[in-house]
Amino acid sequence: MGLCSIILRMPPPGYHVRGINIHTVKGAEMVYVKSSGMELTSSTDVKPTLPVLDHSAYFSMTLMESLQSYQYWMIYFMFLGAEITGLLIISKIQSIASNQFGRTANEAASINSGLGGMNLLGRLILPLISDLLGARKPLYCLSLAVQAICLGCLPSALANHSFGGTLACAFIIGFFYGGGFGMIPAFLADQFGAKNVGATHGVILTAWAIAAVCGGLIFTAVYNAQSHIYPNDVSMWYNLDFRWILAPVLFSFLLSLFIPANLRDRKLPRAPGETFRYRFINGRLIRFTGCKVHMLTAAEEEAEWQTYLAGLSNLPQSKPVEVVSSENGHSREYGHSSEYNHSREYGHSREYGHSSEYNHSSEYNHSREYGHSREYGHSSEYNHSSEYNHSRHSGNGVDPFSQNGFGKVQVY
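Note that this is a predicted model, so its numbers are computed, not measured.

We now examine the overall build of the protein. On a plain count of helices and strands, the protein comes out with ten helices and six strands. Expressed as a percentage of the 412 residues in the protein, the buried residues total 43%. In the protein, once contacts between residues fewer than 6 apart in sequence are set aside, the share between residues at least 24 apart is 60%. Taken as a whole, the protein presents about 21500 Å² of accessible surface, with 61% of it coming from carbon and sulfur.

In structure tokens, the structure reads:
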């Protein structure tokens with residue numbers, strides 16, 4: 001960690017990777033709508049630009065919006081159920097090995113170490129798989145389903161004195177316990193944006209603490225009661241404990257199925273009479289309207305989504321973005337975002353693909369007379385109008401918006 005702290009750097013304002021920055025909610029990085037009305041033509045001096053509307057800022061969430069959302073609390077209780085079994089198994093595996101199977105203290109400690117190794121593997125492997133899949137929710141559903149099966153098998157394994165079966169169930173549970181811990185920060189970043197991960201992850205760890213404290217107290221109380229009821233039958237001492245743990249795990253599994261992890265599930269307006277919606281395993285959206293069930297085709301869903309986005313075009317969060325040809329050295333991803341292009345400190349710097357010859361003036365507006373002239377750049381004396389229209393007059397007598405330039409004038 002000390003070595004990492006030496007090379008750790010804060011990214012510059014507006015930094016993003018593949019359209020994702022600290023404010024982006026998963027799915028919003030793909031929300032771009034092309035504006036109409038611009039005819040693009042070729043030009044030897046000025047490359048044409050294609051304006052698009054970036055709605056991603058509209059979907060970003062504040063910390064309070066994240067904590068007050070229903071999907072956050074669905075994730076909270078899902079996480080509680082996903083971790084409670086692993087917590088209790090890790091804390092009790094040594095006593096189970098000693099009491100149920102007569103293993104020595106050293107053997108029991110070795111078993112606990114092996115369980116810790118499975119915990120470590122889960123933290124490394126499952127987050128990697130979730131990154132490759134681009135989704136966390138399916139793996140949480142799988143984790144809870146497998147843990148429920150293992151909990152159902154543990155009483156039988158103990159009753160039959162199956163040491164191998166008991167260890168297999170315990171190690172599988174430990175693997176998914178670690179995996180659940182490893183995936184939760186990325187899942188929260190997907191749902192609420194990376195800027196909110198610190199606080200939302202801190203709050204959700206209280207679910208893990210509750211599972212440890214309350215679950216441990218209940219487990220011990222039930223164990224003591226069972227050992228008094230069946231003093232001569234050690235196979236029954238943990239039987240009831242593993243059965244009551246099954247209840248919160250099954251509840252969390254059902255809850256995980258209905259978490260609206262897809263942005264469209266949360267934002268797409270409801271149809272008239274719609275009472276419920278669910279995204280099926282094949283990715284198709286199912287809509288329940290009264291007693292009718294309709295599975296939308298991909299084309300129907302896309303048409304509704306584009307109609308919804310079109311209604312956001314006039315909102316202040318919908319920002320015009322220029323996608324510029326890379327032949328001029330302009331980046332296709334930075335455009336005219338208010339966070340990193342029209343900044344007083346960063347402007348059109350070399351770091352973002354714009355030559356230092358074209359930096360904005362202190363007022364950050366385009367020249368009225370010189371437009372996008374290659375020689376004059378952006379003069380501080382000739383600023384944009386308040387509507388950001390480009391002037392038809394250039395310093396060298398060439399109209400940059402003629403049919404040899406951009407074509408029609410586009411107002412953002």
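Okay, the environment of Cys150 next. Summarising the element assignment, Cys150 is placed in helix 5 (residues 137-159). For Cys150, a relative accessible area of 5% puts it in the buried group. Apart from the residues within four sequence positions on either side, Cys150 is in contact with Cys169, Ile172 and Ile173.

Before going further, it helps to spend a moment on helix 6 (residues 163-192). Over its 30 residues, helix 6 runs 44 Å from end to end, which matches the ideal 44 Å to within 8%, given 1.5 Å per residue. Where helix 6 bends most, at Met183, the angle is about 35 degrees, and the proline Pro185 comes one to four residues later. Most of helix 6 is tucked away: 21 of the 30 residues are buried. One side-chain oxygen at the N-terminal end of helix 6 lies 3.1 Å from the backbone nitrogen of Gly165; it belongs to Ser162. Gly193 sits one or two positions beyond helix 6 and adopts a positive phi of about 95 degrees.

By size, the foremost hydrophobic cluster in this structure holds 65 residues, and its most contacted members are Ile75 and Phe242. Sorting the residues of this core by element identifies helix 3 (70-101), helix 4 (105-133), helix 5, helix 6, helix 7 (197-229), helix 8 (239-257) and helix 10 (298-310) as the ones contributing at least two each. Of all the elements, helix 3 adds the most residues to this core, at 16 residues. Once you skip the residues sitting within four places of it in the chain, Ile75 turns out to touch Ile184, Phe187, Leu188, Gln191, Phe192, Ile204 and Ile259.

Before going further, it helps to examine the pairing of strand 4 (residues 285-289). Bridging between strand 3 (residues 274-279) and strand 4 involves five bridges; their strand directions are antiparallel. Within the sheet, the bridge partner assigned to Phe276 lies in strand 4 and is Phe288. If you look at the hairpin formed by strand 3 and strand 4, you'll find five residues sitting between the two strands, and Gly283 has a positive phi there, around 90 degrees. Between the end of strand 4 and the start of strand 5 (residues 292-295), which pair antiparallel, lie two residues, with Gly290 showing a positive phi angle near 65 degrees.

Bringing the side chain of Thr24 into the picture now. If you trace the backbone, Thr24 turns up in the loop between helix 1 (2-7) and strand 1 (32-34). For Thr24, a relative accessible area of 7% translates into the label buried.

The next subject is the sheet that holds strand 5. The sheet built from three strands is open, its strands ordered 3-4-5 with antiparallel pairing. Only two strands of the sheet have a single neighbouring strand rather than two, namely strand 3 and strand 5. Sheet twist, expressed as the mean angle between neighbouring strand axes with direction ignored, is 20 degrees. Here strand 4 pairs with strand 5 via four bridges, running antiparallel. Bridged to Arg287 within strand 5 is His294.

Here we come to the packing of aromatic side chains. Under the criterion given, the structure shown has 21 aromatic pairs. Considering the side-chain rings of Phe79 and Phe181, the 5.5 Å spacing of their centres and the 85 degrees angle between planes classify their relative orientation as edge-to-face. Highlighted residues: Phe79 in helix 3 and Phe181 in helix 6, separated in sequence by 102 residues. Just as Phe79 is buried, Phe181 falls in that class too. The ring of Phe163 has Arg103 sitting right over it, with the charged end atom 3.9 Å from the ring centre.

A word on the packing of helix 3 against helix 7. One can describe the packing of helix 3 onto helix 7 by two numbers: an axis separation of 8 Å at closest approach and a directional angle of 40 degrees. Judged on the interaxial angle alone, helix 7 and helix 3 are oblique. Crossing of helix 3 against helix 7: the hand is right-handed.

Topologically, Leu246 is positioned in helix 8. Sequence separation of Leu246 and Leu151 is 95 residues, and the distance between their C-alpha atoms is 6.3 Å. Excluding residues that lie within four positions of it along the chain, Leu246 makes contacts with Ala148 and Leu151.

The next subject is the confidence of the model for the protein. Looking at the protein as a whole, its pLDDT mean stands at 76, while 69% of the residues score no less than 70. Of all helices and strands in the protein, the one with the weakest mean pLDDT is strand 6 (residues 319-324) (46), whereas helix 6 scores best (95). Note that pLDDT drops below 50 for residues 35-51; the model gives that stretch 49 contacts with residues more than four away or on any other chain. Contacts for the low-pLDDT stretch residues 320-412, under 50 throughout, to residues beyond four places or in other chains number 177 contacts.

Thresholds, definitions, all that
- Residues numbered from 1 in each chain as written.
- Predicted model: local features only at pLDDT ≥ 70, side-chain atom pairs only at ≥ 80, totals over all residues.
- Heavy atoms only, no water.
- Helix = DSSP H or I, 4+ residues; strand = E, 2+ residues; numbered from the N terminus.
- Buried < 20%, exposed > 50% of the residue type's maximum accessible area, 1.4 Å probe, protein only.
- Contact = heavy atoms within 4.5 Å.
- Areas by Shrake-Rupley, 256 points an atom, 1.4 Å probe, with all protein chains shown as cover.
- Expected span 1.5 Å × (residues − 1).
- Bend = angle between axes of the 7 residues up to and from the residue.
- Polar contact = N/O pair within 3.5 Å; in protein donor to acceptor, adjacent residues only side chain to side chain.
- Core = buried A, V, L, I, M, F, W, Y, C linked by side-chain atoms within 4.5 Å.
- Pairing = 2+ DSSP bridges.
- Axes fitted to C-alpha atoms, helices over the stretch in contact; angles between N-to-C directions.
- Phe/Tyr/Trp six-rings, centres within 6.5 Å; stacked < 30°, edge-to-face > 60°.
- Lys NZ or Arg CZ within 6 Å of the ring centre and 35° of its normal.
- Parallel < 35°, antiparallel > 145°, perpendicular 65-115°, else oblique.
- Left-handed = near helix turned anticlockwise from the far one by under 90°.
- pLDDT = per-residue confidence, 0-100.

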